[in-house]
Amino acid sequence: MVLTSYLEITAKDLEILLKNVVFVDNIENVKRVFIYGPPGVGKSTIVRDLASKFGYEMIDLRVGYFDQTDLLGIPVPNKDKTGYDFLKYTRLPKSNDKKGIFFLDEFTHAKPQIQALLHEFLLDYRIDDYEIPENWRRFVAAGNNIQDRSISYEIPDSVKSRFHYIVRLVPDIESWKSWALKNGIDPRIITFLEYMEKNDSKKWLYRKDPEVVLTPRTWSDAVNHAFKFDWEHAKILIKAALG
């Protein structure tokens, strides 16, 4: 699906949006949010961190890999051998004991049949005979656009309309720096990126071209890990990560 009009938003502003429309205790005020963005820019990390911060359970469903049985259940003969019962996905919540959120990741990777089932999930809070407990009726979905050079299926308007807010996450150095300082990223990486973003014509926090692909995940995972070794070994790992 190619969107022609949507709000480009930084990680800091995305957090503000989610705090005010998703992570609210009054379920009647909860809204559904769809986050577009290329791989590795922190979509799932932001949602997971906020869920932890505000005391919400989170179920991360990688719906791009789902088959229909993952949502409808696996048919097994009933006790009377007269029909079938369906064994449901065991991670689906059954009670209101805890407040939680569904994170529907890789939504644009999901097959059309799965998107159709998710429409019922979002609209009626149920699939077949499974009903989502009220305290779990919070949804954030995430996916990629075709322009992100990622496999994407077109999302029907009926499904898209289930989301109150559709935004595109754009990496920015100030939001990433704030996150990095709180999450143990090596200060040398932070200093380097901050300098290069301000003084080089090329982008360093996020860049995707034929020669190199850089994402915030590249720096926080691969490069940050490299700095745990002595410099001779670290240089090899950094070169391998950055291309």
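Here's a quick rundown of the structure. (Residues numbered from 1 in each chain as written. Predicted model: local features only at pLDDT ≥ 70, side-chain atom pairs only at ≥ 80, totals over all residues. Heavy atoms only, no water.)

Alignment of strand β1 (residues 7-9) against strand β10 (residues 165-169), held across three bridges, turns out to be parallel. Bridge pairing in β10 links I9 to L169. (Pairing = 2+ DSSP bridges. Helix = DSSP H or I, 4+ residues; strand = E, 2+ residues; numbered from the N terminus.)

Attention shifts here to the environment of P133. Looking at the element boundaries, P133 is found in the loop between β8 (130-131) and β9 (139-143). Given the relative accessible area of 8%, P133 is considered buried. Taking the C-alpha atoms as reference points, P133 and G100, 33 residues apart in sequence, are found 9.5 Å from one another. The contacts of P133, once residues within four sequence positions are left out, are P93, K94, S95 and N96. (Buried < 20%, exposed > 50% of the residue type's maximum accessible area, 1.4 Å probe, protein only. Contact = heavy atoms within 4.5 Å.)

Turning next to the pattern of salt bridges. Applying the stated criterion to the full structure yields 13 salt bridges. In this structure, the salt-bridge partner of D60 is R48, at a minimum N-O distance of 3.6 Å. Of the two residues, D60 is situated in strand β3 (residues 57-62) and R48 in helix α2 (residues 43-53); the sequence distance between them amounts to twelve residues. A relative accessible area of 14% means that D60 is categorised as buried. Judged by relative accessible area, R48 falls into the partly exposed class, the value being 36%. We note a salt bridge from K160 to D157, for which the minimum N-O separation is 3.8 Å. Linking K160 with D157, this pair stays in helix α5 (residues 157-160), spanning three residues, or about one helical turn. The structure contains a network of salt bridges with shared partners spanning R48, D60, R62 and D105. (Salt bridge = Lys/Arg side-chain N within 4 Å of Asp/Glu carboxyl O.)

Let us now look at the nonpolar core. One finds V63, F102, L104, F107 and F121 to be the most contacted residues of the largest nonpolar core, which totals 26 residues. Residue assignment for this core shows that the elements contributing at least two residues are β2 (33-36), β3, β6 (100-105), α4 (112-124) and β9. The element that contributes the greatest number of residues to this core is α4, accounting for five residues. I35, V47, L50 and F103 belong to the second-largest nonpolar core, a separate cluster that totals 22 residues. (Core = buried A, V, L, I, M, F, W, Y, C linked by side-chain atoms within 4.5 Å.)

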